[in-house]
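The chain contents come next:
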Amino acid sequence: MATQKSTVSVEPQKKYAKWPDAALLVGLALLPCLFFWRLLTPHPADRMHIVAGDFTEQYFPLRAFTAQAWVQPHIPLWNPYLFGGQPALADIQAGALYPPHVIEALILGWGGPLWGREIGFPLWALEGQVIVHFSLAAVGSYLFGRHLGRRGGVSLRRARFDGVITSLVFTYSGYLTGFPVQQMTILAASAWLPWVMWAVSNIGMRNEKVEVRRGLRVIGWGGLALAMAILAGHPQTGLYIFYLSLAYTIFRAVWAWRNGAAGLSGENQQLSGGGMKWLSRLLPSFFAPWPGLFHCLAVHLLVWFGLVLLGVAIAAAQALPTLEFIAHSLRADLSYQAVSAGLPLTELISVLYPGFFGGSPEYVGLVGLVLLAAALVLGRPRREIFFWAGAGLVGLVLAFGGSTFLYPLFYLLAPGFAAVRQQERAFLVYSFSAAVLAGYGAIALTGPFSKLARRRYACFERGLRIVVVVALGLTAFYIYGSAAVTARGDEVNLFYGVLRYHLFGLMMLGGLVAWLALRPRRWQRRAWAMALLALWLIFNLFTVNWRFNLEKRAGVEPFAPNGVVQFLQAKLSPGPSNPTWGRIVSGGLLPGGHNAASVYHLEDLTGNTPLQLAGVDTFFRQMPAWRLWQLLNVRYVVARQDIAGDGLRLVFEEGEDKVFEMGDPFPRAWPVSQVEVIPEIEQATARLADDDFDLRQAAVLAEPLGVSLAQAAATVTVVDSVAGYLKVEVEALGRQLLVVSQIYYPGWQAEVDHQPAELWRVNVVQQGVIVPAGRHTVELFFRPVSFWWGGIISLMGLALGLWFILPGALSGTMRNP
């Protein structure tokens, strides 16, 4: 197929002042402080906080635990405070290796003494991360939008305007300002989407040729951005970034081929700086009629694949343990019914009337919606418009999950979609695509028109005025309906509910009509007119979205220790040397919710995280409570009802909360001399639940020990215990099996007298070590192989990425023109 030269004229390269870009970047980075001013205000009467829920009860305790671990310092591999103990770093939501979280934790933890007081990791620190990630999203989307504008050949001023509009729509539309504020990992991962796309958009665009060195820089920058998105802690968002960047890479390759821009067809079939002859040998006969297309696709996909591979390699220290954890968790096997849920189709009304049915992730503002329509009618280049319109439409429809047939197709054909839930999160793709289109619409409305474009603009403006007239008519209808319902005395007045949003939308449309009236004088091309539209967009989005997810905090702080916490800390501290040391069953009654024990350093059988070990969850549900508590070294039970008796006695009470002490608690480790081999887990659990089975004298294993145990006395003393480490002294007159009340999980290793020993799975979920006769020291370490191998891969990937980046950073070739 004959190639065609691009008709887009590009301005000659000039030296431009850099301060406008710097000023815009600083302004966009600081704008989230205005959006969230109620979080930052020093005035107590005005201060608000992110609403209680997942943000406080799930994410904060996990982040607080990892932050405290890094400050100590040690790697937070194991969390002993949830579900009797489970992997900490492998729970990707904890952000154990996410650089912004680790850096903030170290600054607060190590800097506290310098400021004269201990700070630790307070709740406001996580709220600060929300603001930081809004700034990251704003800056990244500005750079991407500005780059698209310059690549389209528009003036630098209009390209900057494109970047500003793209940034404002993406950052402050209904998606990012909705549930991701409470779902911290979704927000953090989403903030890196424009950075990844910015890197991908640089593939093959220097002088319309693909260069090896430039490709390596793209791989380096893009790999780092993708690694940050992975480490941010939400695999589903990472999945959307993966597919959107792949689709855009393929689109750019086809476009480059159509425009003859790849430099790979005809006589020039080599990359500058390196040959591609090996690709010619691999060229299948199917692509023989289109060798240029094949080479374009090969080169673009090669760079993209390198970017993805580098990003995954840098994040391997997190990714490998997480994949291992997921394989053992409740998320390992999800049905179609579990993953196909999305928003109901009635939520489409939020495109115009945000918040009417609750959230409004599809709301991009009335101003943004009109700019999007302008892009569809007037935007150039048309292929870009079609791509982003298609991507946005796919994201919009996918967000409704099984309500449409599009999701089943992705479920069956697209790897990864069968493993993620709550498909409304696909609104990320819609929101970002709408932002890009709004940017294209903004530069279309501020530029010169061809003869055909003038006719289209006239139709567009006439259509907008018709919409305003229809909206005015609907206003009268809503007012009449509201008055009629009020006169009947009905408690629910839907007309009035719609009228509130309708009047605000009408005001936004009126402002746009007034702004479009500036065009006959060509004022729209001036900086003040562009700033006016940007301010109107800010007013639109801020008015609707700025108060979502905020609330006044009444009473004490969410994690202020009450009497129950202080009592438990006194009884269970300082640890193994305390004769009452053990675990608790809080039932989620501690201040802060089910994960609060991670903040108070109390080892709990309760927890709240999607990544919970499936085998442990099943064991907890099937075992009788008393025998479960014995096996897992429970000392105290917190409850609201009176459960005294049958071995429990009330020892503390505060308000509705009561603390009961176990009358016959088990230690953290004890010796047994009898074993029963029961391979089937259900039968083994049933045997342990049998009152005839003596838990102190016998244990259940899945396979024979291979050695005999002696009926002899033994004493066990816990010497040291920290997260991921236990040391005990055993003195036995004969060989014994030491049962350790710790959750069995791959990565735990045992040593007897500093020599490696086999670690057995005992009593379905516990650990066991064979101890010979005599006095011995038994140590158990949590050293997951997945983390150490992942760490090696991450260090190699990071070194490679920096090697790719440094030449580009020094020469400035990754900067926008």
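What you are looking at is a predicted structure, and each value in this text was computed from that prediction instead of being measured.

Cut-offs used in this document
- Residues numbered from 1 in each chain as written.
- Predicted model: local features only at pLDDT ≥ 70, side-chain atom pairs only at ≥ 80, totals over all residues.
- Heavy atoms only, no water.
- Helix = DSSP H or I, 4+ residues; strand = E, 2+ residues; numbered from the N terminus.
- Axes fitted to C-alpha atoms, helices over the stretch in contact; angles between N-to-C directions.
- Parallel < 35°, antiparallel > 145°, perpendicular 65-115°, else oblique.
- Left-handed = near helix turned anticlockwise from the far one by under 90°.
- Contact = heavy atoms within 4.5 Å.
- Buried < 20%, exposed > 50% of the residue type's maximum accessible area, 1.4 Å probe, protein only.
- Pairing = 2+ DSSP bridges.
- 1 Å grid on protein atoms, 1.4 Å probe; cavity = no way out; pocket = protein on both sides within 12 Å on 5 of 7 lines; lining within 4 Å.
- Points joined across faces, edges and corners; volume = space filled by probe spheres on them.
- Salt bridge = Lys/Arg side-chain N within 4 Å of Asp/Glu carboxyl O.

**Some thoughts on unusual backbone geometry**
Turning to step 1, where the next piece is worked out: In the segment running from Q72 into P73, the intervening peptide bond is cis, with an omega of -5°.
Turning to step 2, where the next piece is worked out: Along the polypeptide, P73 turns up in the loop between α3 (54-71) and β2 (78-79).
Turning to step 3, where the next piece is worked out: In this structure, the amide linkage connecting R380 to the following residue, P381, adopts the cis form with an omega of -5°.
Turning to step 4, where the next piece is worked out: Its location among the elements puts P381 in the loop between α15 (366-378) and α16 (382-398).
Turning to step 5, where the next piece is worked out: A positive phi angle is found at V764, which is not glycine, with a value near 75°.
Turning to step 6, where the next piece is worked out: Within the fold, V764 resides in the loop between β17 (760-762) and β18 (766-771).

**Looking at the packing of helix α1 (residues 19-35) against helix α6 (residues 156-172)**
Turning to step 1, where the next piece is worked out: Axis separation between α1 and α6 bottoms out at 12 Å; the angle between their running directions is 15°. One way to sum up the angle between α1 and α6 is to call them roughly parallel. For the crossing formed where α1 meets α6, the hand is right-handed. When α1 is examined against α6, the residues P20, D21, L24, L28, L31, P32 and F35 are found in contact with a partner set consisting of R160, V164, S167, L168 and Y172.

**What to know about the pairing of strand β19 (residues 774-782)**
Turning to step 1, where the next piece is worked out: Most of β19 sits inside the fold, with seven of its nine residues counted as buried.
Turning to step 2, where the next piece is worked out: Where strand β13 (residues 725-732) lies against β19, eight bridges are found, and the strand directions are antiparallel. Directly across from E729, in β19, lies its bridge partner T777.
Turning to step 3, where the next piece is worked out: Two elements, strand β15 (residues 748-752) and β19, share five bridges in a ladder whose sense is antiparallel. The residue of β19 that forms the bridge with E751 is E779.

**Let's talk about the layout of surface pockets**
Turning to step 1, where the next piece is worked out: Of the voids in this model, the second largest pocket is the one considered here, and its volume is about 1,000 Å³.
Turning to step 2, where the next piece is worked out: Every residue lining the second largest pocket is counted, 34 residues in all, and those nearest its centre are H234, P235, Q236, I326 and V420.
Turning to step 3, where the next piece is worked out: The set of elements that each furnish at least two residues to the lining of the second largest pocket consists of α3, α9 (212-231), α10 (235-258), α12 (291-314) and α13 (316-327).

**Structural notes on the sheet that holds strand β5 (residues 583-585)**
Turning to step 1, where the next piece is worked out: Reading across the sheet, the four strands line up as β5-β6-β8-β7 and stay open at both edges, with mixed pairing between neighbours. Two strands close off the open sheet at either side, each with one partner strand: β5 and β7 (648-654). Strand-to-strand twist of the sheet, defined as the mean angle between neighbouring strand axes without regard to direction, takes the value 25°.
Turning to step 2, where the next piece is worked out: Direction of pairing for β7 relative to strand β8 (residues 657-662): antiparallel, over a ladder of six bridges. Residue pairing for β8: L650 is matched across the bridge by F660.

**Considering the pattern of salt bridges**
When charged atoms on two side chains of opposite charge get close, those side chains can pair.
Turning to step 1, where the next piece is worked out: For the structure shown, the criterion picks out 19 salt bridges.
Turning to step 2, where the next piece is worked out: Note that R146 is salt-bridged to D21, the shortest N-O span being 3.0 Å. Remark: D21 occurs in helix α1 and R146 occurs in helix α5 (residues 123-151); sequence separation between them is 125 residues.
Turning to step 3, where the next piece is worked out: Exposure remark for R146: the relative accessible area of 5% places this residue in the buried category.
Turning to step 4, where the next piece is worked out: Where R151 meets E384, a salt bridge forms, and the shortest distance between an N and an O atom there is 2.4 Å. One end of the pair, R151, is in helix α5; the other, E384, is in helix α16, and 233 residues separate them in sequence. With respect to burial, R151 and E384 carry one shared label: buried.
Turning to step 5, where the next piece is worked out: Put simply, D21, R146 and R160 are held in one network by salt bridges that share partners.

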